[in-house]
Amino acid sequence: MEIGHHISQRYNQELEEIRTHVLKMGALVESQAENAVKALLERDGKLAKKVASSDYMVNRMEVEIDEECTQVLARRQPAASDLRLIIAVIKVITDLERIGDEAEKIGRYSRKLAKKPPITGMHATLSHLGELVLGMLHQALDAFARMDTEQALSVITGSNNINDEFDDLSRLLITYMMEDPHNIKQALRVIWCARALERIGDHSRNICEYVIFLVRGKDIRHTDLQEILDEIPDDAD
Amino acid sequence: MTDVLPTMPGLPTGETVVDDTPPMTETREEFDVEIKGTVGAPFVDDPKMSARHSNVFYGEKQAIFDVSLDIGRNEIIAMIGPSGCGKSTFLRTLNRMNDTIPICRVEGEHCLDGEDIYAPDQDPVLLRARVGMVFQKPNPFPKSIYDNVAYGPRLHGLARTRAELDEIVEKSLVRAGLFNEVKDDLHKPGTGLSGGQQQRLCIARAIAVDPEVILMDEPTSALDPIATATIEELMDELKSRYTIAVVTHSMQQAARVSQRTAYFHMGKLVEVNPTNQVFTTPQHQLTENYITGRFG
């Protein structure tokens, strides 16, 4: 995958700018997600508020990058890898924007959670889930930045862990709610946060799928994992 | 969008992101210009025309190197490539147009419906009635619109009576999408038409002899976008009746009209694949470089 080497230098710049903006948006979204998890785990109401009120920046970047992609489509009629880059970018930023929304949600719930006494026994599982999801998001963004299909594949392969972790947490919370119905409100907030984290994992997986589309030209959405693994390495050049 | 730039581990912060982006992995053997045969699917079942090991020379200079390609029935195949890549030369071998150039020599096997078109008993004039050609610049004869279209049928004795000839002329003009515009002016000179109309007149002239294949050498490069769209629409309609091979410099045109695309480079056939594949995931790096406007 090469972005440069067009005869038109201006075209190289336009594509490089788009890529840079996506990386910046990725960095911003990642920091939003990190802060959201931190606010949740450390019961930091101030940080939670900051996360909840910063999502507009992510939204603005999505609109700007969308506009840049539209301009390239209209004026350059990109083909082949350039076309795949633009399509992948348009899709990646949609998922990034949604990750931003999930982080905002976690921020909102964390603010409320921080005002009440903590639920005991939840911290370790929640912390582990947060770690997994943030790691996955980071690797997905890294795979996009380096257009690294191997890393993208490994993220997709690892994404099942998150579902297991989420299921564990749900069971814990159900028990907790059954013990005392007064806990339900708090427990629901926690589960909504966990749900948001799980969604961030799903969006990260999507980003990895776009990386494979971008580099290999293969659309692996809605494909069985084993099928993907069977198909991709053969293609490895 | 520079007011906010939090850290992304693995990436530097601040304004230097552009310069320090990590190296991309997965580069193919870029700008490897060695062409080892043709990649993709140059052959089809039951082809209308086929070339095998086609070599074309102009004197000492070889213009086409070992090109093997099938042209399927009722398909539009687009041939693209940089200037001097041999795509027009190859197109001209398909109706022996190169015979008119004394220093030109053609080797290999070229068939129409399985018959060798370079066999000694083949009459090139009859062949060109079966394999018609439309050129880059509209070249109507300095005759009336009617006579332009009637020229081929008269030459080949396709009409016994005036009424039959009238019918052929009208039918050809209708198929070329020109009849309604010129029906009251059939005896005015063809050269008085607009560029797009002249090109459609040339297409009408080509189809008047009821060919099987139509070769088009950059048929719209002298036309404006509206006239181009009209010709492209016409090509799409003609496809049900004829087989069309079109050489074009416009990649968008190749993408719009053709079902298969062949990429030529320095006299060699680099890649042939379904058009929807060529413009999204070309198989050869040279094809990719060409259609994305990269040098290599």
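Everything below is about the structure printed above this text.
Residues numbered from 1 in each chain as written. Chains lettered and ligands numbered in written order. Predicted model: local features only at pLDDT ≥ 70, side-chain atom pairs only at ≥ 80, totals over all residues. Heavy atoms only, no water.

A.B. asks: Account for the overall build of chain A, naming residues and giving values.
C.D. replies: Tallying secondary structure elements over chain A gives 9 helices and 0 strands in all. The N-to-C order of helical and strand elements in chain A reads α-α-α-α-α-α-α-α-α. Once the C-alpha set of chain A is aligned to its principal axes, its extents read approximately 70 × 40 × 20 Å. When each of the 237 residues of chain A is scored for burial, the buried share is 54%. Within chain A, contacts between residues at least 6 apart in sequence are counted, and of these 80% link residues at least 24 apart. (Helix = DSSP H or I, 4+ residues; strand = E, 2+ residues; numbered from the N terminus. Buried < 20%, exposed > 50% of the residue type's maximum accessible area, 1.4 Å probe, protein only. Contact = heavy atoms within 4.5 Å.)

A.B. asks: Kindly report on the sheet that holds strand β11 (residues 268-274) of chain B, identifying the contributing residues and their values.
C.D. replies: All names here are of chain B. A sheet is described by the order of its strands in space; here 7 strands give the open sequence β1-β11-β10-β4-β9-β8-β7, paired in mixed fashion. The strands lining the two open edges of the sheet, one partner per strand, are β1 (39-40) and β7 (131-134). As paired elements, strand β8 (residues 213-217) and strand β9 (residues 243-247) share 5 bridges and run parallel to each other. Bridged to M216 within β9 is V246. Packed onto the sheet, helix α6 (residues 195-208) meets β7 and β8 and runs at close to 170 degrees relative to β7. (Pairing = 2+ DSSP bridges. Axes fitted to C-alpha atoms, helices over the stretch in contact; angles between N-to-C directions.)

A.B. asks: Account for the environment of Q13 of chain A, with residues named and values stated.
C.D. replies: Residue and element names in this part refer to chain A. Looking at where Q13 falls in the secondary structure, it is placed in helix α1 (residues 9-42). The class for Q13 is partly exposed, based on a relative accessible area of 42%. Counting along the chain gives 10 residues from Q13 to I3, while the straight-line C-alpha distance between them is 9.1 Å.

A.B. asks: Outline the side chain of E102 of chain A, supporting the account with residue identities and numerical values.
C.D. replies: Tracing the backbone shows E102 of chain A in helix α4 (residues 80-115). For E102 of chain A, the contacting residues outside a window of four places in its chain are A196, R199 and I200 of chain A.

A.B. asks: Describe a negative patch on the surface, and please don't skip the residues or the numbers.
C.D. replies: On the surface, a cluster of negative charge is made up of E109, E115, D116 and D121 of chain B. Examined against the element boundaries, D116 of chain B turns out to sit in strand β6 (residues 115-116). (Patch = residues over 30% accessible without salt bridge, like charges linked within 9 Å, V, L, I, M, F, W, Y side chains within 5 Å. Areas by Shrake-Rupley, 256 points an atom, 1.4 Å probe, with all protein chains shown as cover. Salt bridge = Lys/Arg side-chain N within 4 Å of Asp/Glu carboxyl O. Lys, Arg positive; Asp, Glu negative; His and termini not counted. Charge placed at Lys NZ, Arg CZ, Asp CG, Glu CD.)

A.B. asks: How would you explain the packing of aromatic side chains if you had to name every residue and give the values?
C.D. replies: Per the stated rule, a full pass over the model turns up 4 aromatic pairs over all chains. Their ring planes at 35 degrees and their centres at 5.4 Å tell us that Y109 of chain A and W192 of chain A sit as a pair that is tilted. Taken as a pair, Y109 of chain A in helix α4 and W192 of chain A in helix α8 (residues 184-216) lie far apart in primary sequence, 83 residues in all. Residue class for Y109 of chain A comes out buried when judged on its relative accessible area of 17%. Accessibility expressed as a relative area gives 40% for W192 of chain A, which makes it partly exposed. Note on F141 of chain B and Y151 of chain B: the rings are 4.8 Å apart at their centroids and 55 degrees apart in plane angle, and the pair reads as tilted. Highlighted residues: F141 of chain B in the loop between β7 and α3 (145-155) and Y151 of chain B in helix α3, separated in sequence by 10 residues. On the basis of relative accessible area, F141 of chain B is assigned to the partly exposed category, the value being 26%. Geometry around F57 of chain B places R105 of chain B over its ring, the cationic atom sitting 4.2 Å from the centre. (Phe/Tyr/Trp six-rings, centres within 6.5 Å; stacked < 30°, edge-to-face > 60°. Lys NZ or Arg CZ within 6 Å of the ring centre and 35° of its normal.)

A.B. asks: Now, about the pairing of β7 of chain B: what can you tell me, with residues and values included?
C.D. replies: Residues and elements named next belong to chain B. On β7, burial covers both faces: V131 and M133 on one face and G132 and V134 on the other are all buried. Here 4 bridges tie β7 to β8, and the two strands are oriented parallel to one another. Across the sheet, M133 pairs through a bridge with L215, a residue of β8.

A.B. asks: Run through the sheet that holds strand β5 (residues 104-112) of chain B, naming residues and quoting values.
C.D. replies: All names here are of chain B. Read across the open sheet, the 4 strands follow the order β3-β2-β5-β6; overall the sheet is antiparallel. In this open sheet, the two edge strands, each paired with only one partner strand, are β3 (61-71) and β6. Sheet topology places strand β2 (residues 49-58) next to β3; 7 bridges connect them, and they run antiparallel. Note that in β3 the partner of M49 across the bridge is I71.

A.B. asks: Summarise the pairing of β5 of chain B; cite the residues concerned and give the values.
C.D. replies: All names here are of chain B. Alignment of β2 against β5, held across 8 bridges, turns out to be antiparallel. Note that in β5 the partner of S50 across the bridge is C111. Linkage of β5 to β6, two consecutive antiparallel strands, is achieved through a turn of 2 residues, within which D113 is found at a positive phi near 50 degrees.

Coordinates in, geometry out; function isn't part of it.
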